[in-house]
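Residue-level structure breakdown
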Amino acid sequence: MEPPPEPEGPGVHRGFICASFNQDTTSLSVGTQTGYRLFSVTAVDKLDCIHEGVECPDVCIVERLFSSSLVVVVSLSMPRRMNVYHFKKGTEICNYSYTNNILSVRLNRQRLVVCLEESIYIHNIKDMKLLKTLLNTPTNPTGLCALSVNHSNSYLAYPGSATIGEITVYDANNLSSVTLIQAHDSPLAALAFNASGSKLASASEKGTVIRVFSIPEGQRLFEFRRGMKRYVSISSLSFSADAQFLCASSNTETVHIFKLEQHSPRSQEEESPTWSAYVGKMFTAASTYLPAQVSDMMHQDRAFATVRLNTYGLKNVCALATVQKLPRLLVASSDGNLYIYNVDPQDGGECVLVQKHMLFDSSDETAEMKEDEKPDEVAPPTGGQSYAATVALPSSPLSSATLTGYSEDGGAHKGDVIPEHELAEAPVCLDDENEFPPVTPE
């Protein structure tokens, strides 16, 4: 398995590699060719860069834990190694190396999950101990998985099949299987939990239908139709904090927002009779005699609101958030910009762009152009360094102030471990933030 490719194509910013929002959508993390950047997204008119990490270049995965100082980083140069940093202190908490490339990382206040192509590793985030290795999982070349941000349940969802849209739901707290959901006919492309972990949204590789299931039961609650004319690649799904809305972005120019509301048949009957209501009743009655696929299509809801991006074919990540007390849609695009839209929670419709922020300033472009203009001073060795040799580079040596490392069955090997001073009062002590575990339940 080769490392995740850098975004390419017209319109893609030269320095952009990846982007992700934190668990409560107050922060945006961006992986770049020079390292990573953390932004605060709590205001509309300004975008504050709160940290720029340069510990390693070509960051393909960067995940921040809520508003804490803990950030997880994976680099294209060492795709099998996960580094955990305390970015405010500028120190590395620990690192782990795995038997294959790391494709995704998910975390909440209780668990840290690392997804490889055919295995998943579950760590206790308080001391980074490896608790469970899920071996021989169905081939998952994109590292698709979702972890509930609600640490009281820590549900984990990942593909249960490589050929159909089957979802395995796993309890990462109790380390036990929960349920298996037959979600789609085609392989899965996107998964997302709501904030409480009581709902799970999914989309298949076709990208035409998005479904929402109850967790842990696995019952289908909602079904939304994104479109019929063409298959698309859905890149992200995200619930609003209250789970009333769900947004979906893809490789097209449209972002869809769906409203999760149950339609009451009684309320429809009590409305004044109209021609459209009569036709609706006729369709409902006829659907009982039609083939299942046609009947399902007639009961699928369409988008409540939409956004038309000025880019097409670019990878982006979307999130619904309340910013300055109003509902907004945030879209971080590989063109190097963050777009903020107003969302009308009552009437929906076309969302209005209210702000566009550059994730890179002009000096970044200038530096990259100068770098490209430099002649190659040292010729690479004949044949170049092999990929195997690259990922086998040794970890930094253990210092005398650290505890002895260990390895677990299943292929995760501990490198630099947590320094003793971090363990003085509690494992992985980030005393500058209240967001880090343990937290007192309300």
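Shown above is the structure to which this text applies.
Residues numbered from 1 in each chain as written. Predicted model: local features only at pLDDT ≥ 70, side-chain atom pairs only at ≥ 80, totals over all residues. Heavy atoms only, no water.

1. Section: the sheet that holds strand β4 (residues 48-53)
A sheet is described by the order of its strands in space; here four strands give the open sequence β1-β2-β3-β4, paired in antiparallel fashion. Taken across any chain shown, the strands that pair with only one partner, and hence form the sheet edges, are β1 (16-21) and β4. Across the sheet, the mean angle from the axis of one strand to that of its neighbour is 20°, orientation sign disregarded. (Pairing = 2+ DSSP bridges. Helix = DSSP H or I, 4+ residues; strand = E, 2+ residues; numbered from the N terminus. Axes fitted to C-alpha atoms, helices over the stretch in contact; angles between N-to-C directions.)

2. Regarding the pairing of strand β19 (residues 209-214)
A large share of β19 lies buried, amounting to six of its six residues. Taking every second residue as pointing to the same face, both faces of β19 are buried, with V209, R211 and F213 on one and I210, V212 and S214 on the other. Hairpin connection of strand β18 (residues 199-204) to β19: four residues between the antiparallel strands, including G207 at a positive phi of 75°. As consecutive antiparallel partners, β19 and strand β20 (residues 220-225) are separated by five residues, and within that stretch G218 has a phi angle of approximately 85°, a positive value. (Buried < 20%, exposed > 50% of the residue type's maximum accessible area, 1.4 Å probe, protein only.)

3. Re the environment of P327
If you trace the backbone, P327 turns up in strand β26 (residues 326-333). The spatial distance from the C-alpha of P327 to the C-alpha of D344 is 7.5 Å, given a sequence separation of 17 residues. In contact with P327, other than residues within four places in its own chain, are A321, Y341, N342, V343 and P345. (Contact = heavy atoms within 4.5 Å.)

4. Looking at the environment of L221
For L221, the position within the fold is in strand β20. Put simply, L221 and Q262 are 41 residues apart on the chain and 8.7 Å apart in space, counted from C-alpha to C-alpha. Beyond its immediate sequence surroundings of up to four residues, L221 is in contact with K199, V212, F213, S214 and Q262.

5. A few points about unusual backbone geometry
The peptide bond linking I215 to P216 adopts the cis configuration, its omega dihedral lying at 15°. Residue placement: P216 occurs in the loop between β19 and β20. Even without a glycine there, the phi angle at S154 is positive, about 50°. Along the chain, the position of S154 falls in the loop between β13 (146-147) and β14 (155-159). Located in the positive-phi region is Q324, a residue other than glycine, with phi close to 50°.

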